[in-house]
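One-letter residues, chain by chain:
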Amino acid sequence: MRQRYFSGIQPTGELHIGNYLGAIKSWIGLQDTYEGIFGIVDYHAITEPYKPSAMSKRVIDAALDYLAAGLNPNKSIIMIQSLVPEHTEMAWLLNCITPVSWVERVPTYKEKAKQLKIGVNMGLLSYPVLMAADIMLYKSTIVPVGEDQAPHLELTREIVRAFNGRFGDTFPEPQTYLGSGARIMSLTEPTRKMSKSLGPQSYIALSDPPYVIRAKLSKAVTDIGPTGGEISPGTKNLFQLMSIFSSAETYGHFKKLYDEETIRYSEMKEKLADDIISVLGPIRDRRQELSLKPDYVRDLLIEGSHKAREIARETFLEAKDKMGLIYFYGE
Ligand code: AMP
Ligand code: TRP
């Protein structure tokens, strides 16, 4: 039997190559060895300001990206978090065993608390507890995510230990699984990670057409002045992308030119654009085809959420039982 795990992405905008390389590519690579449950985590997405009218399209867009990138619904489960109420019920149980001091020291929380002008809500504080619930409900042994999620997973392990210590061995400690692109940097501000929040010029979306990919790469920041002999962050990022998207020969060729200081970044960027386009092209085509079949995608999400719920229900009842919260057996 394949071991199980849960991973997910918030439906907060277009998925980009950071999401693809940090998470989705690993999900696809692991489909034969693990049973993956892939959530579109809408309850996480509402912890920050959002537009209610945009939500339903974002959820469908995320599903299209998952499927187009290569998640196979015959091998994996694709679900919507809010359709499985055990996620929030489980989060409540875990809220009650998680000290506030643990969540207050999570770096993403501290950062957002500083940024958000309107102040933080309870959901944002409890965000990593809901994430722990997502992971624990499926007794995940690994969780493939980008590097920025490592502190959340550390907290999940602490919550697992707290639960097991108090109520008896119930959950495995999930290991963080980082893929080859654990941290892709922004094209415009290469000292920060590629992210939807830095604007569309900073990322390459999975659905960007070739001319957009070329234009974005041609403007990508490379040298930013003297770096004391160190490779500049932008150049380093382009080489990382090249090591993932291009052949070893291509990478070696440009690395040699870089070392000899005869590199022309415009040529490197053109070649990199070609190679990214040839990987993203088929994804874009499949996405286009799938977007013409909204009923298929809807049915698949509903069915996936039902399947996920069956698994989640069993674990949730086990956790409730351990916590002394089952009163009438067979109810
Ligand atoms: P988010 O877009 O924040 O919901 O992230 C979804 C998934 O993509 C998580 O596993 C992140 O760690 C991963 N991810 C997001 N941005 C990047 C990036 N720039 N590089 C690598 N992984 C990323
Ligand atoms: N916090 C994750 C992110 O922003 C999304 C997420 C929610 C998640 N629940 C999860 C990732 C469970 C892995 C497992 O990317």
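Residues numbered from 1 in each chain as written. Chains lettered and ligands numbered in written order. Predicted model: local features only at pLDDT ≥ 70, side-chain atom pairs only at ≥ 80, totals over all residues. Heavy atoms only, no water.

## Brief notes about the domain arrangement of the protein
Accessible area lost upon the coming together of the parts serves often as the stated size of an interface.
(1) Moving on: By the assigned domains, the protein splits into domain 1 (3-183 + 293-322) and domain 2 (208-289).
(2) Moving on: Each of domain 1 and domain 2 has a C-alpha centre, and the two are 31 Å apart.
(3) Moving on: Facing the 15 residues of domain 1 at the interface are ten residues of domain 2.
(4) Moving on: When the buried area of domain 1 at its contact with domain 2 is split by residue, Ile17, Leu21 and Ala68 rank highest and sum to 42% of it.
(5) Moving on: Here domain 1 and domain 2 share two salt bridges between them.
(6) Moving on: One salt bridge in this structure joins Asp61 and Arg287, with 3.6 Å as the shortest N-O distance.
(7) Moving on: Within the residue set of the side of domain 1 that touches domain 2, elements represented by two or more residues are α1 (17-29) and α3 (52-69). (Domains from an automatic or database assignment. Contact = heavy atoms within 4.5 Å. Buried area = accessible area lost by both parts, 1.4 Å probe. Salt bridge = Lys/Arg side-chain N within 4 Å of Asp/Glu carboxyl O. Helix = DSSP H or I, 4+ residues; strand = E, 2+ residues; numbered from the N terminus.)

## Side note on the environment of Gly70
(1) Moving on: Here Gly70 lies in the loop between α3 and β3 (77-80).
(2) Moving on: For the pair formed by Gly70 and Gly22, sequence separation is 48 residues and the distance between their alpha carbons is 15 Å.
(3) Moving on: Among all residues touching Gly70, those that are not within four sequence positions of it are Ile28, Gln31 and Arg286.

## Some points on a nonpolar patch on the surface
(1) Moving on: On the surface, a nonpolar cluster with roughly 260 Å² of combined accessible area is contributed by Tyr43, Ile46 and Tyr50.
(2) Moving on: Within the element layout of this structure, Tyr43 appears in helix α2 (residues 42-45).
(3) Moving on: Take Tyr43: its relative accessible area is 32%, and that puts it in the partly exposed class. (Patch = residues over 30% accessible without salt bridge, like charges linked within 9 Å, V, L, I, M, F, W, Y side chains within 5 Å. Areas by Shrake-Rupley, 256 points an atom, 1.4 Å probe, with all protein chains shown as cover. Buried < 20%, exposed > 50% of the residue type's maximum accessible area, 1.4 Å probe, protein only.)

## What to know about the pairing of strand β1 (residues 3-9)
(1) Moving on: The pairing of β1 with strand β2 (residues 34-40) spans seven bridges and is classified as parallel. Counterpart to Gly8 in the pairing with β2 is Gly39.
(2) Moving on: For the crossover that starts at β1, traverses α1 and ends in the parallel β2, the hand is right-handed. (Pairing = 2+ DSSP bridges. Right-handed = clockwise from strand over helix to strand, strands pointing away.)

## So, the side chain of Thr47
(1) Moving on: When you line up the elements, Thr47 lands in the loop between α2 and α3.
(2) Moving on: For Thr47, a relative accessible area of 7% gives the class buried.

## Quick look at the sheet that holds β2
(1) Moving on: Reading across the sheet, the three strands line up as β1-β2-β3 and stay open at both edges, with parallel pairing between neighbours. In the strand order of this sheet, the two ends are held by β1 and β3, each with one partner. This sheet shows a mean twist of 25° between the axes of neighbouring strands, independent of strand direction.
(2) Moving on: Of the strand pairs in this sheet, β2 and β3 are connected by four bridges, and their pairing is parallel. (Axes fitted to C-alpha atoms, helices over the stretch in contact; angles between N-to-C directions.)

## What about the site of ligand 1?
(1) Moving on: With respect to spatial proximity, 18 residues lie near ligand 1, and among them Asn19, Gly146, Asp148, Ile184 and Met194 are the closest.
(2) Moving on: Contact distances for ligand 1 include 3.4 Å between an oxygen atom and a backbone N or O atom of Gln10.
(3) Moving on: Here an oxygen atom of ligand 1 sits 2.8 Å away from a polar atom, N or O, in the main chain of Gly146.
(4) Moving on: In isolation ligand 1 exposes 480 Å². Once the protein is present, 92% of that is buried.
(5) Moving on: Ranked by the residues each element gives to the shell around ligand 1, the list is headed by α1, at four residues.
(6) Moving on: Across the shell around ligand 1, the residue classes tally to six nonpolar, eight polar and four charged. (Near = heavy atom within 4 Å. Polar contact = N/O pair within 3.5 Å; in protein donor to acceptor, adjacent residues only side chain to side chain. Nonpolar A, V, L, I, M, F, W, Y, C, P; charged D, E, K, R; others polar.)

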